[in-house]
Number of protein chains: 2
Amino acid sequence: MSSAIRPDRTGVLSAPDDAGGFGDRLAIRVADRRSQIVLGLDPDPARLWPRALELAGGADGGPAERAARAVAAHCRLVLDAAAAQCVAVKPQVACFERLGAPGWSALREVVADAGERGLIVIADGKRGDIDISAKAYGQAFFGATPTPFGDVPGLGVDALTVNPLLGRDSLVPLVDAAREHGGGLLLLVRTSNPGAAEIQDQELAGGGSVSEALARIVAELGRPGVGPAGLADIGAVTGATAPERLESLRAAMPHAVMLLPGIGAQGASGRDLAPAFVPGPAGGLVSASRAIVYAHERGGEPAVCARREAARLRELVWGLYA
Amino acid sequence: MSSAIRPDRTGVLSAPDDAGGFGDRLAIRVADRRSQIVLGLDPDPARLWPRALELAGGADGGPAERAARAVAAHCRLVLDAAAAQCVAVKPQVACFERLGAPGWSALREVVADAGERGLIVIADGKRGDIDISAKAYGQAFFGATPTPFGDVPGLGVDALTVNPLLGRDSLVPLVDAAREHGGGLLLLVRTSNPGAAEIQDQELAGGGSVSEALARIVAELGRPGVGPAGLADIGAVTGATAPERLESLRAAMPHAVMLLPGIGAQGASGRDLAPAFVPGPAGGLVSASRAIVYAHERGGEPAVCARREAARLRELVWGLYA
């Protein structure tokens with residue numbers, strides 16, 4: 001796990017909390033760091049901090065290798081600036097995957113770096129498949145792959161975002177892999193984009209919406225993983241852009257950690273998120289990426305602006321919901 | 001594109017068909033190769049053909065590098081054996097991703113190899129995300145990523161399986177990326193696993209099932225991409241395990257290519273798939289992986305058994321539906 005007991009370079013004291021399940025570990029981290037902010041990392045090689053390009057300027061190799069070096073340097077700088085204000089980091093897998101093998105190496109580096117800083121690492125991969133493929137994703141993100149040449153370790157993240165359209169049998173191998181390693185899953189229940197309405201908000205003939213049906217799956221899969229802190233290891237992505245839906249979703253999954261994207265760049269405000277925090281301060285995680293990473297584009301030095309914006313968000317949410 | 005005009009090592013004549021959209025290109029390939037079989041590649045490093053382990057035995061590096069070499073060798077051997085019986089190949093991305101950066105390099109190699117053999121390459125990634133992340137997946141699979149160090153080419157596949165739970169705005173960037181490069185998407189509409197019933201078969205209050213709502217999205221997104229062959233560039237995954245649903249799904253998306261997993265290892269038979277083939281022989285693609293790759297486990301030499309099983313499936317489907 002990326003969250004093994006290691007020196008915490010951010011200066012925030014982290015408890016040696018690896019004994020518990022994902023919900024307990026998260027609750028302890030949130031309390032220690034007094035933060036519910038998840039720092040999203042979706043690096044665009046064409047929009048990196050200038051300092052990252054300088055640092056990676058001398059890297060060897062072709063465009064993929066050099067871009068991946070610059071992306072890794074950028075993420076390190078962003079973490080240097082903002083990690084102390086956050087409880088977790090959420091690398092967007094697509095942004096690394098598009099750089100091929102060097103991108104995947106950069107992702108592994110970012111995951112390890114964030115773990116060493118005491119951050120919970122949530123891979124935003126929105127994976128979902130059946131049978132042996134679901135098992136393979138479990139190995140890729142949480143476990144290891146047995147081979148005749150020895151085990152190949154996966155990324156070792158703390159949590160993975162998962163698309164549940166394929167139903168429970170597609171989720172069980174991922175639940176098993178996450179739980180075995182003290183990790184968690186965050187299932188897409190109600191995403192933050194306008195198009196989410198098209199399928200997720202549809203009302204079912206039997207009553208309730210598709211999102212509410214997904215929320216019931218989250219609750220059932222998470223039931224064996226509820227720890228003393230009252231949080232399960234199976235949580236949900238519930239966009240902050242549809243706060244009017246949070247109450248019924250919270251009722252359907254009382255112990256789920258809710259990841260709340262859509263504050264900041266996607267436009268929602270920090271208000272009206274109260275249902276997320278019913279189980280406690282760690283019941284809701286507020287995700288922000290571009291609002292923090294590109295804060296300097298309104299004027300200022302990237303690291304200073306990122307730190308300031310992350311601190312502002314942390315205080316806003318902590319003030320409302322701790 | 002992996003399908004640029006190149007020598008076809010399988011000995012099957014391929015037309016220089018890159019001018020058209022995905023549907024037309026597929027229709028020409030199916031007619032040329034007299035095959036609707038999609039060879040699924042989901043390599044398990046613990047279950048590779050023995051010859052692949054011999055070939056990769058001397059590879060340098062750690063377990064990941066050596067396993068990825070063996071996986072690439074295995075896929076090459078499987079293609080040597082069965083490619084001539086197939087029209088397309090479908091690498092399962094999870095099985096490469098779990099080997100990290102070396103796995104991603106092996107995937108790139110397999111994609112290029114299959115393209116050189118005249119096969120249509122369908123990346124089975126079941127990706128789906130919003131906004132800049134959807135665009136990043138488009139760059140990873142179809143396009144290229146602009147960076148200050150030059151463009152980084154993506155995998156260059158012909159098609160990608162996509163999870164549409166996030167709605168139309170999540171799909172448009174992928175549609176654009178695929179269409180720009182003459183590629184296609186296959187959206188999950190009704191998957192082949194038992195759990196598919198849980199969400200996809202739910203009846204909506206407004207009438208029809210979730211799958212039928214997804215099928216309407218497939219039809220609408222594909223409408224501008226219907227070519228002279230009568231096939232769109234946006235198709236659907238519609239499991240052969242629920243043949244009773246194919247008729248209504250075909251009615252909802254008359255021009256969609258239907259990818260039909262679930263024959264063979266997942267247990268369905270080749271019968272009752274007629275609705276898939278209404279637009280012509282290329283309207284249905286029958287996917288088989290373990291049934292071909294592990295045919296020798298019932299006794300025999302791997303390559304001989306794989307070729308025989310692929311040929312049997314090709315004749316079965318071609319006989320019924322060409």
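Residues numbered from 1 in each chain as written. Chains lettered and ligands numbered in written order. Predicted model: local features only at pLDDT ≥ 70, side-chain atom pairs only at ≥ 80, totals over all residues.

Caption draft 1: Spatial organisation of unusual backbone geometry. All names here are of chain A. Positive phi, normally seen in glycine, also occurs at K126, with a value near 45°. By the element assignment, K126 lies in strand 3 (residues 120–127). For K126, a count of 28 C-beta atoms within 10 Å puts it in the buried group. (Helix = DSSP H or I, 4+ residues; strand = E, 2+ residues; numbered from the N terminus. Buried ≥ 20, exposed ≤ 12 C-beta atoms within 10 Å, placed from the backbone.)

Caption draft 2: Structural view of helix 1 (residues 22–33) of chain A. Residue and element names in this part refer to chain A. With twelve residues, helix 1 extends 16 Å between its outermost C-alpha atoms, agreeing within 8% with the 16 Å of an ideal straight helix rising 1.5 Å per residue. Summarising burial for helix 1: nine of the twelve residues are buried, a large majority. Residues of helix 1 that are buried make contact with strand 3, strand 6 (159–162) and strand 7 (184–190). Downstream of helix 1 by a residue or two, R34 has a phi angle that is positive, lying close to 50°. (Expected span 1.5 Å × (residues − 1). Contact = placed C-beta atoms within 7 Å.)

Caption draft 3: The arrangement of the sheet that holds strand 7 of chain A in detail. Residue and element names in this part refer to chain A. Taken in spatial order, the eight strands close into a barrel running 1-2-3-6-7-8-9-10, and their pairing is parallel. Recorded for the sheet is a direction-independent mean angle of 30° between the axes of neighbouring strands. Here four bridges tie strand 6 to strand 7, and the two strands are oriented parallel to one another. In the strand pairing of strand 7, V162 is matched with L187. Contacts from helix 5 (residues 100–116) reach strand 1 (37–41), strand 2 (88–91) and strand 3, with the element oriented near 175° to strand 2. (Pairing = 2+ DSSP bridges. Axes fitted to C-alpha atoms, helices over the stretch in contact; angles between N-to-C directions.)

Caption draft 4: Quick peek at helix 5 (residues 100–116) of chain B. Between its first and last C-alpha atoms helix 5 of chain B spans 25 Å; for 17 residues at 1.5 Å apiece the expected length is 24 Å, and the two agree. Of all 17 residues in helix 5 of chain B, 13 are buried, a share of seventy percent or more.

Caption draft 5: Spotlight on the interface of chain B and chain A. Chain B puts 63 residues into the contact, and the matching count from chain A is 63 residues. A total of seven residues in the side of chain B that touches chain A trace back to one element, the largest contributor, which is helix 6 (residues 131–141) of chain B. A class-by-class count of the residues in the side of chain B that touches chain A yields 32 nonpolar, 18 polar and 13 charged. (Nonpolar A, V, L, I, M, F, W, Y, C, P; charged D, E, K, R; others polar.)

Caption draft 6: Inspection of the confidence of the model for chain A at higher detail. All names here are of chain A. Taken residue by residue, chain A gives an average pLDDT of 92. The fraction at 70 or more is 92%. The low-confidence segment residues 1–17, where pLDDT is below 50, has 46 contacts with residues more than four positions distant or belonging to other chains. Listed scores for the predicted complex are pTM 0.94 and ipTM 0.94. (pLDDT = per-residue confidence, 0-100.)

Caption draft 7: Broad picture of the relation of the copies chain B and chain A. The transform that puts chain B on chain A rotates by 180° and translates by 0.0 Å along the axis, for an RMSD of 0.0 Å. Such values leave the two copies arranged in the relation of a two-fold axis. Mapped onto chain A, 100% of the interface residues of chain B again fall at the interface, so both copies present the same surface. (Least-squares fit on C-alpha atoms with pLDDT ≥ 70 in both.)

Caption draft 8: Structural view of the packing of helix 3 (residues 63–82) of chain A against helix 12 (residues 302–321) of chain A. Residues and elements named next belong to chain A. Orientation of helix 3 relative to helix 12, taken along the N-to-C sense of each, is 50°, at an axis distance of 8 Å. Between helix 3 and helix 12, the angle falls in the class oblique. The handedness of the crossing between helix 3 and helix 12 is right-handed. For the pair helix 3 and helix 12, contact is made by L77, V78, D80, A81 and A82 and by A303, A306, R307 and A310, respectively. Looking at the contact of helix 3 with helix 12 residue by residue, the classes come out as seven nonpolar, no polar and two charged. (Parallel < 35°, antiparallel > 145°, perpendicular 65-115°, else oblique. Left-handed = near helix turned anticlockwise from the far one by under 90°.)

Caption draft 9: The pairing of strand 2 (residues 88–91) of chain B, seen in detail. All names here are of chain B. Taking every second residue as pointing to the same face, both faces of strand 2 are buried, with A88 and K90 on one and V89 and P91 on the other. Here four bridges tie strand 1 (residues 37–41) to strand 2, and the two strands are oriented parallel to one another. The residue bridging G40 from the neighbouring strand is K90, located in strand 2. The sheet contact formed by strand 2 and strand 3 (residues 120–127) spans two bridges and is parallel. Bridge pairing links A88 to I120 in strand 3.

Caption draft 10: Main features of the pairing of strand 7 of chain A. All names here are of chain A. Most of strand 7 is tucked away, with seven of its seven residues classed as buried. Where the polypeptide runs from strand 6 across helix 7 (residues 168–180) and back to strand 7, its parallel neighbour, the crossover connection is right-handed. Judged from the five bridges that link them, strand 7 and strand 8 (residues 234–238) form a sheet pairing that is parallel. Bridge pairing links R190 to T238 in strand 8. (Right-handed = clockwise from strand over helix to strand, strands pointing away.)

Caption draft 11: Region of interest: the sheet that holds strand 6 (residues 159–162) of chain B. Residues and elements named next belong to chain B. Taken in spatial order, the eight strands close into a barrel running 1-2-3-6-7-8-9-10, and their pairing is parallel. Taken over all neighbouring pairs, the strand axes of this sheet differ in orientation by 30° on average, direction set aside. Together, strand 7 (184–190) and strand 8 (234–238) form the strand contacts of helix 9 (residues 210–222), whose direction differs from that of strand 7 by roughly 165°.

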